[in-house]
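Spelled out, the chains give:
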Amino acid sequence: MNNIQQLADYIDHSHNIVATTGAGISVAGGGVTYGQMFFSNRGGMRRSGDGYSSFLPTYLETMFSYQPSFAHYALADLEKEGKLTGIITTNVDCMHTIAGSENVAEIQGSLQVNCCSKCGRHYDGYDIWKQEELPRCESCGGEILPWPLYSHISVWDADVRKARKWISAADLILVIGTRGNYGDVYWDYRKNDAVIVQINPGHTGFDRIADLNIREGSDDVFKKLKELRDGNG
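Keep in mind that what you see is a predicted model, and the values were worked out from it rather than measured.

Asks: Quick rundown of the nonpolar core? Include the residues and the values.
Replies: Core analysis: the biggest nonpolar cluster contains 23 residues, and Leu-7, Leu-75, Leu-174, Ile-176, Val-197, Ile-199 and Phe-222 have the highest contact counts within it. Of all elements in the fold, only helix H1 (3–12), strand E1 (17–21), helix H6 (70–80), strand E2 (84–89), strand E6 (172–176), strand E7 (195–199), strand E8 (212–214) and helix H10 (218–232) reach the threshold of two or more residues within this core. Residues in contact with Ile-176, not counting those within four places in the same chain, are Ala-19, Thr-20, Thr-21, Gly-22, Ile-25, Leu-75, Ile-199, Ser-218 and Phe-222. One finds Ile-88, Ile-107, Ala-163 and Tyr-186 within the second-largest nonpolar core, a separate group that totals 18 residues.

This is the structure we're talking about:
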């Protein structure tokens with residue numbers, strides 16, 4: 001049995017699937033990685049000044065010039081099918097939401113969680129970034145920052161709680177394009193008997209614990225999976 005057939009069998013026989021994703025799934029669609037966003041030639045992103053101003057050319061202008069990858073859409077389809085309970089991601093680019101997924105735990109926040117740096121007013125939703133200039137608060141004129149900047153790359157507690165709930169009930173965990181498991185943030189809450197499938201062309205810390213390692217890019221894997229499942233349909 002080849003890897004794609006094994007993955008299809010796992011999906012068909014699972015009742016509660018959770019996916020955890022990282023930069024690899026977005027790079028496939030042409031996106032900018034988390035590291036490029038915050039640390040490109042800057043030694044770390046500051047909350048204001050030159051560092052904050054570089055946010056637009058290094059990330060925002062590219063964020064809405066590319067589309068979700070095939071794998072983003074495939075996960076959204078698995079959710080619609082009733083197979084996928086939720087997606088846990090460290091990505092901040094909102095691509096899972098744009099692809100149509102409704103149950104997404106963005107554990108480090110994203111450009112959907114925004115806050116005024118002066119008065120604390122929230123401006124949630126990613127459409128606020130679809131403009132040529134950095135947005136200002138309607139109440140006080142302060143700079144509006146996405147949560148990863150505002151919090152200095154801290155976790156978003158509301159979504160961490162969702163991640164823990166989902167992974168604690170999962171019987172199949174798809175690890176896609178990510179290298180870290182964020183141990184006590186959410187990963188350690190998984191069931192001991194949950195099946196783990198890793199999809200990543202490179203080697204990671206998941207190699208030794210995965211029941212199945214698929215050494216291919218996520219788009220290639222999900223295209224083959226769709227062909228196989230459609231053919232068996």
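Still more to cover.
Asks: How would you sum up the environment of Tyr-73? Please name residues and give values.
Replies: Take Tyr-73: it is sitting in helix H6. For Tyr-73, a relative accessible area of 33% puts it in the partly exposed group. Considering only alpha carbons, one finds Tyr-73 and His-96, 23 residues apart in sequence, at a separation of 7.7 Å. Filtering out sequence-adjacent residues up to four positions away, Tyr-73 remains in contact with Gln-67, Pro-68 and Ala-99.

Asks: Now, about the pattern of salt bridges: what can you tell me, with residues and values included?
Replies: Under the definition given, this model contains seven salt bridges. The residue Asp-12 makes a salt bridge to Arg-229 at a minimum N-O spacing of 3.2 Å. With Asp-12 in helix H1 and Arg-229 in helix H10, the pair connects residues that are 217 residues apart, well separated along the chain. A salt bridge links Asp-207 to Arg-215, with the nearest nitrogen and oxygen atoms 3.0 Å apart.

Asks: Describe in detail the side chain of Ser-101, supporting the description with residues and values.
Replies: Here Ser-101 lies in the loop between helix H7 (95–99) and strand E3 (104–106). Look at Ser-101 and you get buried, because its relative accessible area is 5%. Sequence-distant contacts of Ser-101, that is, excluding residues within four places in its chain, are made with His-72, Leu-75, Ala-76, Glu-79, Ile-87 and His-96.

Asks: I'd love a proper account of the layout of surface pockets, names of residues and values included.
Replies: The space that makes up the largest pocket amounts to roughly 220 Å³. Lining the largest pocket are Phe-70, Tyr-73, Ala-74, Asp-77, Leu-78, Glu-81, Phe-222, Leu-225, Lys-226, Arg-229 and Asp-230. Of all elements in the fold, only H6 and H10 reach the threshold of two or more residues within the lining of the largest pocket.

Asks: Run through the packing of aromatic side chains, naming residues and quoting values.
Replies: A full pass over the atoms with the stated rule returns two aromatic pairs. Where Tyr-186 meets Trp-187, the ring centres are 6.5 Å apart and the plane angle is 90 degrees; that geometry is what we call edge-to-face. Each member of the pair Tyr-186 and Trp-187 is classed as buried. Ring geometry for Trp-187 and Phe-206: centres 5.2 Å apart, planes at 75 degrees, overall edge-to-face. Taken together, the residues span a long stretch of sequence, with Trp-187 in the loop between E6 and E7 and Phe-206 in the loop between E7 and E8 at a distance of 19 residues. The class for Phe-206 is buried, based on a relative accessible area of 1%. Through successive ring pairs, a cluster of aromatic residues spans Tyr-186, Trp-187 and Phe-206.

Asks: How would you sum up the sheet that holds E2? Please name residues and give values.
Replies: Spatial strand order, E3-E2-E1-E6-E7-E8: six strands in an open sheet with parallel pairing. Looking at the sheet topology across the chains shown, the edges are occupied by E3 and E8. Put simply, the sheet's adjacent strands are angled 15 degrees from each other on average, direction ignored. Taken strand by strand, H1 contacts E1, E6, E7 and E8, and its axis lies near 130 degrees from that of E8. Helix-sheet contacts for helix H9 (residues 157–169) involve E1, E2, E3 and E6, and the interaxial angle to E3 is about 130 degrees.

Asks: Can you break down the pairing of E7 residue by residue, with the values?
Replies: For E7, a buried count of four out of five residues is recorded, marking the element as mostly surrounded by other parts of the structure. Pairing of E6 with E7 involves five bridges; the strand directions are parallel. By the bridge assignment, Val-175 is partnered in E7 with Gln-198. Sheet analysis places E7 next to E8, joined by three bridges and oriented parallel. When the bridges of E8 are listed, Val-197 appears paired with Leu-212.

Asks: Describe in detail the pairing of E1, supporting the description with residues and values.
Replies: By the criterion of burial, E1 is predominantly enclosed, with five of the five residues buried. Burial along E1 is two-sided: the face carrying Ile-17, Ala-19 and Thr-21 and the face carrying Val-18 and Thr-20 are both buried. In terms of strand pairing, E1 meets E2 through five bridges, oriented parallel. Bridged to Val-18 within E2 is Gly-86.

Calculation criteria
Residues numbered from 1 in each chain as written. Predicted model: local features only at pLDDT ≥ 70, side-chain atom pairs only at ≥ 80, totals over all residues. Heavy atoms only, no water. Core = buried A, V, L, I, M, F, W, Y, C linked by side-chain atoms within 4.5 Å. Buried < 20%, exposed > 50% of the residue type's maximum accessible area, 1.4 Å probe, protein only. Helix = DSSP H or I, 4+ residues; strand = E, 2+ residues; numbered from the N terminus. Contact = heavy atoms within 4.5 Å. Salt bridge = Lys/Arg side-chain N within 4 Å of Asp/Glu carboxyl O. 1 Å grid on protein atoms, 1.4 Å probe; cavity = no way out; pocket = protein on both sides within 12 Å on 5 of 7 lines; lining within 4 Å. Points joined across faces, edges and corners; volume = space filled by probe spheres on them. Phe/Tyr/Trp six-rings, centres within 6.5 Å; stacked < 30°, edge-to-face > 60°. Pairing = 2+ DSSP bridges. Axes fitted to C-alpha atoms, helices over the stretch in contact; angles between N-to-C directions.

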